[in-house]
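Single-letter residue listing:
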Amino acid sequence: MRGSKVTEMMFNKFLNWDYYSSSITEGRILIIWRRVFVKVTVVEETSQFGHCQVRMVGMNFPFSVTFVYGRNTLEERKILWKNLPKSSADAWVMLLDFNAVFKTKDRDGGKPVSKAELFDSSQWLASSHLDVLKQTGSFFTWTNNQDGHARIYSTIDHVFANEKWLDIFPNTTAVFKWETISDHCSCTLSIQTMELLGVKLFRFYNFWVDHKNFKDLAIDSWSKPSQGFGLKAIYLKTLRLKHQLKKFNRDHIGHIGIQFQKAGTDVSQLSDSEKSIMGRPSSATKKINVHCVELGSKLNVDQQLSLLKPFSHQEIRAALFSIPSIKSPGPDGFGSSFFKVMWQDIGDEICRAISQFFETGRIPKELFDTTLSLVPKCENPSRTVDYRPITCCSTLYKCVSKLIYYRLAKVLPILVQSNQGAFVKGRSIAHNIMIFQDLIKNYGRSATSPRCAIKINISKAYDTVDWWFIEDLLTALCFPERFIKWIMTCLKNTSYLLLMNGRVEGKFKGEKD
């Protein structure tokens, strides 16, 4: 295709695509790309190749691509070998139809490969410092016998890449597909990038505690002195222990990633009935709802004092041990199972550190860090609403918030009016449903006066309610100032790290205007 024919085809068939063609490459090479995802700049061109610099969305570096369509004769291809690039500062891949061979085995059928056919191509390949990519399929072409009858023979073609490309995309595969109606075939590069975005999180594995050397290692690391005091000292000790446990995992446990992949392969080979048995949930899923408080009675002095009563070690232990061991940890990587196993040795220190928060109102900023993970609601999510955001807080932060919750739960029934039938201990939303059914069961009778019922769908309000409103409401309900400070400290100082593919990328502070 030439001239206006190319423009017409792009307009009719390739909306939202860009293309490159010129008087030099016209009729031989046409480069097209999705303009939203890729930016292509043609650096050099001849009638037999186009050398481009490519930038793709989500990649921090450009790479070079050379598209080749060689002439049919040896003499014409000498110009190709002379002008082809021999190096690139970027990662470089060469997609081709050289119409040439590089080894005697590159052709099956037809005339035997001659030394003259191999000379120029071999000389160029040796000087270009390119390697052949892994490939599947064969490149099939048509040729004519002297009697004019067509027959097929195959030529194995190759895709080349430089060392930098192989370092960045080590698992690139060239997939050739034979086209039975044409003397050309498509070649698709299958790229698995090794670019690791973000930082890989440390995770405490619960099975570590079963190893005979675990506890000695943990106690030895924990007993060493650290700077800071209270929760800050606890955080620094877990940070130090984390590096010891990484080494412990390498030396005594092995590569958990390889074992996980093997286990996934074993599960995939199970029958459907076996999978269904393994997939049964072990416990019912708990639903967390946000309640709405109606301003009713206020707290008296005795109730205020009960909220500020110091927490006993028994209460702190009960709060921490109520966190399931299978819950995902926060960015520090230590779940509740670590503290449960080590409680006999470090429990008193943990209790003193948490009690100190309720005296000073201070928590290290690192314990406010929360990972934000997007869990798909459907099989093929395509919109933001198709994901459920899950926040994973640090275990010590959870423990503090649970202690505040336990105290708050004791006074909520006093503050929330009785017609609020849900989200308060001892009340059930089913009661309101039964009352509603009694109210409307006679709405359809002809003798009933005109009336209507309005259904209001109230979305969860935690992420939309104003923080200053919460503080003013707690003050209006006569909550103690120190108790309000505990709540607002936990609410206002959170920060979020985005968890993507097991790695954290980016960080932002929780805000609400």
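Just so you know, these numbers come straight off a predicted model, no measurement behind them.

The six strands lie next to each other as β3-β4-β5-β6-β12-β8, forming an open sheet whose pairing is mixed. The open sheet has two edge strands with one neighbour each: β3 (38-46) and β8 (131-132). Where strand β4 (residues 49-56) meets strand β5 (residues 63-69), six bridges bridge the pair, whose relative direction is antiparallel. Note that in β5 the partner of Q53 across the bridge is S64.

Two numbers describe how helix α6 (residues 231-253) lies on helix α12 (residues 343-360): the axes approach to 8 Å, and their chain directions differ by 135°. Taken together, α6 and α12 sit at an angle that is classed as oblique. Facing L231, I234 and K237 of α6, the residues of α12 in contact are E349, I350, A353, I354, Q356 and F357. Here the residues of the contact of α6 with α12 are counted per class, giving six nonpolar, one polar and two charged.

With that out of the way, let us pick up the packing of aromatic side chains. According to the stated counting rule, one finds 35 aromatic pairs in the structure shown. Arranged with centres 5.9 Å apart and planes meeting at 25°, the rings of F204 and F334 form a pair that is stacked. Here the residue F204 occupies a position in the loop between β15 (199-200) and α5 (214-222), and F334 occupies one in the loop between α10 (313-321) and α11 (336-341), the gap between them amounting to 130 residues. When its relative accessible area of 1% is taken as the criterion, F334 is described as buried. Members of the aromatic cluster, connected to one another through ring pairs, are F202, F204, Y205, F207, W208, F214, W222, F248, F334, F338 and F339. One cation-aromatic arrangement involves R28 over Y69; the distance from NZ or CZ to the ring centre is 4.3 Å. When the ring centre of W468 is taken as origin, the NZ or CZ atom of K492, which lies over that ring, is 3.7 Å away.

Below, the discussion takes up the side chain of S336. For S336, the location among the structural elements is in helix α11. For S336, a relative accessible area of 1% corresponds to the buried category. A distance of 3.0 Å separates a polar side-chain atom of S336 from the backbone oxygen of I323. The contact partners of S336, leaving out residues within four places of it in the chain, are L320, I323, P324, S325 and T395.

Quick look at the confidence of the model for the chain now. In this model, the chain carries an average pLDDT of 81, and 83% of its residues clear a pLDDT of 70 or more. Low pLDDT, under 50, characterises residues 277-295; the predicted model gives this stretch 19 contacts beyond four residues in sequence or across chains.

Moving on, we come to the pairing of strand β13 (residues 173-177). Looking at chain direction, strand β9 (residues 134-136) and β13 are connected through three bridges and run parallel. Bridge assignment links Q135 to a residue of β13, and that residue is A174. Pairing between β13 and strand β14 (residues 186-190): five bridges, direction antiparallel. Looking at the pairing, T173 lines up with S190 of β14.

What follows deals with the pattern of salt bridges. Counted according to the given criterion, the structure contains nine salt bridges. Among the ionic pairs, E471 bridges to K492, the shortest N-O distance being 3.4 Å. Here E471, found in helix α15 (residues 467-476), pairs with K492, found in helix α16 (residues 481-492); they are 21 residues apart in sequence, far enough to count as distant. Accessibility expressed as a relative area gives 21% for K492, which makes it partly exposed.

Rules of the game
- Residues numbered from 1 in each chain as written.
- Predicted model: local features only at pLDDT ≥ 70, side-chain atom pairs only at ≥ 80, totals over all residues.
- Heavy atoms only, no water.
- Pairing = 2+ DSSP bridges.
- Helix = DSSP H or I, 4+ residues; strand = E, 2+ residues; numbered from the N terminus.
- Axes fitted to C-alpha atoms, helices over the stretch in contact; angles between N-to-C directions.
- Parallel < 35°, antiparallel > 145°, perpendicular 65-115°, else oblique.
- Contact = heavy atoms within 4.5 Å.
- Nonpolar A, V, L, I, M, F, W, Y, C, P; charged D, E, K, R; others polar.
- Phe/Tyr/Trp six-rings, centres within 6.5 Å; stacked < 30°, edge-to-face > 60°.
- Buried < 20%, exposed > 50% of the residue type's maximum accessible area, 1.4 Å probe, protein only.
- Lys NZ or Arg CZ within 6 Å of the ring centre and 35° of its normal.
- Polar contact = N/O pair within 3.5 Å; in protein donor to acceptor, adjacent residues only side chain to side chain.
- pLDDT = per-residue confidence, 0-100.
- Salt bridge = Lys/Arg side-chain N within 4 Å of Asp/Glu carboxyl O.

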